[in-house]
Amino acid sequence: MPRLFQIPGSLLLAVVATSVVAAVSMTAQQPLPQGHAVRNGVDTIPVYSDSQATAGQAVWTKTCSECHESKDVTGADFRTKWAGQPVFTLFEQIRTTMPDGNPGSLPREDYAAAMAYILKLNGLPAGATPLAADSVALAGIKLVLPPAPPGY
Ligand code: HEC
């Protein structure tokens, strides 16, 4: 009889369970690398305020979370697509396509707040001044987003 079958089932189960727990906690421990912003060529400037991000979280919970989990706006696909892009491009895409089925239905400030919350989820730092909802200001801010860890 092969040696494997002499190991008591409960021990085998414990070993399997332990390695599953270890794998899960390893995944959880891997932090999402923080993004930052470049405004008009100058690095690491806070581009939104914390209270705006809090307002944006409320918009997200009320209007966006019905269809989205936060991974949709932080994960590998998102980061690959939006790294290096102006914040305005993402803002405009959201404003003109979301919420799906009723695009443009929110006040412009709510889109800016949701944008601020998305920046916060990506680890960008908050500062004193809210993200302006105007196109010229938004076009001058570029997103720097390091790739998300594999499988994130
Ligand atoms: C009724 C469902 C629904 C709601 C509500 C909704 N979305 Fe979406 N969203 C989608 C779908 C579906 C897609 C994919 C569309 C596509 O790829 O063409 C999407 C795509 C996106 C993307 C693009 C992601 C990428 O990587 O390009 C962003 C950003 C986004 N939504 C943000 C939001 C925000 C912010 C809100 C709330 C203001 C919101 N969505 C509300 C369904 C929804």
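Quick caveat: nothing in here was measured; it's all calculated off a predicted structure.

A. Representation of the side chain of glutamine 52 within the structure. Residue placement: glutamine 52 occurs in helix H2 (residues 50-64). Residue classification places glutamine 52 among the buried positions, given a relative accessible area of 11%. Glutamine 52 has contacts with Ala112, Ala113, Ala116, Pro130 and Leu131, leaving out every residue within four places of it along the chain.

B. Up close: the coordination of the iron atom of the ligand. For the iron atom of the ligand, the protein coordination sphere consists of His68 (NE2) and Met98 (SD), at 1.9 to 2.1 Å. Geometry at the iron atom of the ligand is octahedral, judged from the six donor atoms that bind it and their angles of 85 to 179 degrees at the metal. Here histidine 68, found in the loop between H2 and helix H3 (76-82), pairs with methionine 98, found in the loop between helix H4 (87-97) and helix H5 (108-121); they are 30 residues apart in sequence, far enough to count as distant. For methionine 98, a relative accessible area of 28% puts it in the partly exposed group.

C. Examining the pattern of salt bridges more closely. By the definition in use, this model includes two salt bridges. Here aspartate 50 makes a salt bridge to lysine 120, at a shortest N to O gap of 3.3 Å. Linking aspartate 50 in helix H2 with lysine 120 in helix H5, this pair joins segments that are 70 residues apart in sequence. Judged by its relative accessible area of 41%, aspartate 50 is partly exposed. Relative accessible area serves as the criterion here: at 38%, lysine 120 is assigned to the partly exposed category. Salt-bridge contacts for arginine 95 lead to glutamate 92; the nearest nitrogen and oxygen are separated by 2.8 Å. With a gap of three residues between them, arginine 95 and glutamate 92 both fall in helix H4, about one helical turn apart.

D. A look at H2. All buried positions along H2 are accounted for by Gln52, Ala53, Gly56, Val59, Trp60 and Cys64. The buried residues of H2 occupy one face: seen down the axis, they fall within an arc of 110 degrees. In H2, the exposed positions that point more than 90 degrees away from the buried face belong to Ser51, Thr61 and Lys62. Turning to H2, the residues buried within the fold contact H5.

E. Layout of the packing of H2 against H5. It is the contact of H2 with H5, at a shortest axis distance of 7 Å, that shows an interaxial angle of 105 degrees. Between H2 and H5, the angle falls in the class roughly perpendicular. Two secondary-structure elements touch here, H2 through Asp50, Gln52, Ala53, Ala55, Gly56, Gln57, Val59 and Trp60 and H5 through Asp110, Ala112, Ala113, Ala114, Ala116, Tyr117, Ile118 and Lys120. Considered class by class, the residues forming the contact of H2 with H5 number ten nonpolar, three polar and three charged.

What counts and what doesn't
- Residues numbered from 1 in each chain as written.
- Predicted model: local features only at pLDDT ≥ 70, side-chain atom pairs only at ≥ 80, totals over all residues.
- Heavy atoms only, no water.
- Helix = DSSP H or I, 4+ residues; strand = E, 2+ residues; numbered from the N terminus.
- Buried < 20%, exposed > 50% of the residue type's maximum accessible area, 1.4 Å probe, protein only.
- Contact = heavy atoms within 4.5 Å.
- Donors = N, O, S within 2.8 Å, 3.2 Å for Na, K, Ca; no water.
- Tetrahedral: all angles 85-135°; square planar, octahedral: opposite > 155°, others 65-115°.
- Salt bridge = Lys/Arg side-chain N within 4 Å of Asp/Glu carboxyl O.
- Arc of directions from axis to C-beta.
- Axes fitted to C-alpha atoms, helices over the stretch in contact; angles between N-to-C directions.
- Parallel < 35°, antiparallel > 145°, perpendicular 65-115°, else oblique.
- Nonpolar A, V, L, I, M, F, W, Y, C, P; charged D, E, K, R; others polar.

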